Amino acid sequence: MLLRSRVETFLSDQTNCLRQLSSDGDGLISVDLCVPENLPGAEQIILSASLFQLVNSCLFESTLESKSKLPFTIYKSSADNRTAMKNAGIKFYSPDEKLGFHNDVIARRNGFHIPKYVSLMNLFVGYKDPGNFIYVHKRECPELRRITEKGSGKKFKFRPTPVVYQSQLDAPLEPEAFTEVTAFWETSDGEIYAFSNGELMGKDEEGSQLLADMQSALLACERRIQAPQTLFRAQIFRNDLGFHSRDIFKDQFVFEGATRLFLRAVSKEAVVVP
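Conventions adopted
Residues numbered from 1 in each chain as written. Predicted model: local features only at pLDDT ≥ 70, side-chain atom pairs only at ≥ 80, totals over all residues. Heavy atoms only, no water. Disulfide = S-S within 2.5 Å. Buried < 20%, exposed > 50% of the residue type's maximum accessible area, 1.4 Å probe, protein only. Helix = DSSP H or I, 4+ residues; strand = E, 2+ residues; numbered from the N terminus. Pairing = 2+ DSSP bridges. Axes fitted to C-alpha atoms, helices over the stretch in contact; angles between N-to-C directions. Polar contact = N/O pair within 3.5 Å; in protein donor to acceptor, adjacent residues only side chain to side chain. Contact = heavy atoms within 4.5 Å. Salt bridge = Lys/Arg side-chain N within 4 Å of Asp/Glu carboxyl O. Expected span 1.5 Å × (residues − 1). Arc of directions from axis to C-beta. Core = buried A, V, L, I, M, F, W, Y, C linked by side-chain atoms within 4.5 Å. Parallel < 35°, antiparallel > 145°, perpendicular 65-115°, else oblique. Nonpolar A, V, L, I, M, F, W, Y, C, P; charged D, E, K, R; others polar.

Caption draft 1: Looking closely at the state of the cysteines. Here the structure, examined in full by the defined rule, presents zero disulfides. Among the cysteines around Cys141, which has no disulfide bond, Cys221 carries the closest sulfur, lying 3.7 Å off. On the basis of relative accessibility, which here comes to 3%, the residue Cys141 falls in the buried class. For Cys221, a relative accessible area of 6% puts it in the buried group.

As structure tokens, then:
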């Protein structure tokens, strides 16, 4: 009963922050779950995953992971899955590689979708200096409208980065085929959207330049939110309204097994990529 009371108090304290996201706000909030440090590792993970889902459920209904049917996906970075994906020709961003600004995308039967909400949380980081999580709201990037207008109606080549399970590492991995997507569009009410995920390439020189211009414009945005990538901190953001990135992880101290373990949840509510 004491634990339940503390959880209810914790969730109540977060209500106003979560409401800021549902009404647009700055687009990102960080929620520290305050998991006791003296708990054994397995218990820490179970408790933090439970709290992660509780916090997320206050704001959105999660998409169930296709294999586990959990309301989040567990991602593991290791030397093994990095090697397997590189050997298969699949682009894989390990923690010590630069990650460009992007929005998260999910595939459904009727095509690709940009989830309204995304929530991320580190369970383990084998680096002493993981740096910051970074979010840029699209309203802070005035160049994006010009780029969207020029790119509207154009098709681009896209291949998503797959989720690779540990059980798959003994078998040869096959990269997905490239497909065509719309990367820039505007709705009837004037809302602009830009698709930026996975391996995205222009079909011609103009398309490639538009993608490069988008990344340059996002990098040039001075107004951005930066939050340290600490353990058991849920980074919850409006994926439909902005783009996110992270610093390169530095000073690695774990070289065998998992080098990073994190949770990712995405909302069922999403914007359809036309």
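Okay, back to it.
Caption draft 2: Inspection of the environment of Glu149 at higher detail. Examined against the element boundaries, Glu149 turns out to sit in helix α4 (residues 143-151). The exposed category is assigned to Glu149, whose relative accessible area is 52%. Sequence spacing of Glu149 and Ile192 is 43 residues, and the spatial spacing of their C-alpha atoms is 8.9 Å.

Caption draft 3: Region of interest: the sheet that holds strand β14 (residues 225-228). As summarised here, the arrangement of the four strands in space is β3-β16-β8-β14, forming an open sheet in which the pairing is antiparallel. Each edge of the open sheet carries a strand with a single partner, namely β3 (99-102) and β14. Strand-to-strand twist across the sheet, computed as the mean angle between neighbouring axes with direction ignored, equals 15°. For strand β8 (residues 132-137) and β14, the ladder comprises four bridges, and the chain directions are antiparallel.

Caption draft 4: Geometry of the side chain of Arg264. With respect to the helices and strands, the residue Arg264 is situated in strand β18 (residues 258-266). Among the residues examined, Arg264 registers a relative accessible area of 14% and is labelled buried. Among the polar contacts made by the side chain of Arg264, one reaches the side chain of Asp104 at a distance of 2.9 Å. In contact with Arg264, not counting residues within four places along its chain, are Phe52, Phe72, Thr73, Tyr75, Asp104, Val105, Ile106, Val118, Ser119 and Leu120.

Caption draft 5: Highlighting the pattern of salt bridges. For the structure shown, the criterion picks out 14 salt bridges. Taking the shortest distance from any N to any O, the salt bridge between Arg264 and Asp104 comes out at 2.9 Å. With a gap of 160 residues between them, Arg264 in strand β18 and Asp104 in the loop between β3 and β4 (106-108) connect regions that are remote in the sequence. A salt bridge links Glu140 to Arg139, with the nearest nitrogen and oxygen atoms 3.6 Å apart.

Caption draft 6: Structural detail: helix α5 (residues 205-220). In this model α5 runs 22 Å from its N-terminal to its C-terminal C-alpha over 16 residues, within 8% of the 22 Å that 1.5 Å per residue would give. The set of residues buried in α5 consists of Gly207, Leu210, Leu211, Met214, Ala217 and Leu218. For α5, the arc enclosing every buried residue in end-on projection is 125°, short of the 170-degree limit, so these residues lie on one face. With respect to the buried face of α5, the exposed residues turned more than 90 degrees away are Glu205, Leu219 and Ala220. With a side-chain oxygen positioned 3.2 Å from the backbone nitrogen of Glu206, the residue opening α5 is Asp204.

Caption draft 7: A look at the sheet that holds β18. The antiparallel open sheet is built from five strands, whose spatial order is β1-β15-β6-β18-β2. Pairing within the sheet leaves two strands with one partner each, and these edge strands are β1 (28-32) and β2 (73-78). Across the sheet, the axes of successive neighbouring strands diverge by a mean angle of 20°, strand direction being ignored. Here β1 runs beside strand β15 (residues 233-238); their pairing, made up of five bridges, is antiparallel. Considered in β15, the bridge of Asp32 is made with Arg233. Helix α2 (residues 41-57) rests against β1, β6 (117-125), β15 and β18 of the sheet, and its axis sits at about 165° to β6.

Caption draft 8: Just the nonpolar core, in detail. By size, the foremost hydrophobic cluster in this structure holds 29 residues, and its most contacted members are Phe156, Phe184, Phe195, Leu200 and Met214. Breaking this core down by element, the ones donating at least two residues are β5 (111-115), β8, α4, β9 (155-159), β11 (184-186), β12 (192-194) and α5. Ranked by the residues each element gives to this core, the list is headed by α5, at five residues. Leaving out residues up to four positions away in the same chain, Phe195 has contacts with Asn103, Val105, Phe112, Phe158, Val181, Thr182, Ala183, Trp185, Leu200, Met214 and Val273. Of all hydrophobic cores here, the second largest spans 20 residues; its members include Ile29, Phe60, Tyr117 and Ala265.

Caption draft 9: Focus on the packing of α4 against α5. In the contact formed by α4 and α5, the axes pass within 10 Å of each other and the chain directions differ by 170°. Considered as vectors, α4 and α5 are oriented roughly antiparallel to each other. Together, Glu143, Leu144, Arg146, Ile147, Lys150 and Gly151 of α4 and Leu210, Asp213, Met214 and Ala217 of α5 make up the contact between the two elements. Considered class by class, the residues forming the contact of α4 with α5 number five nonpolar, one polar and four charged.

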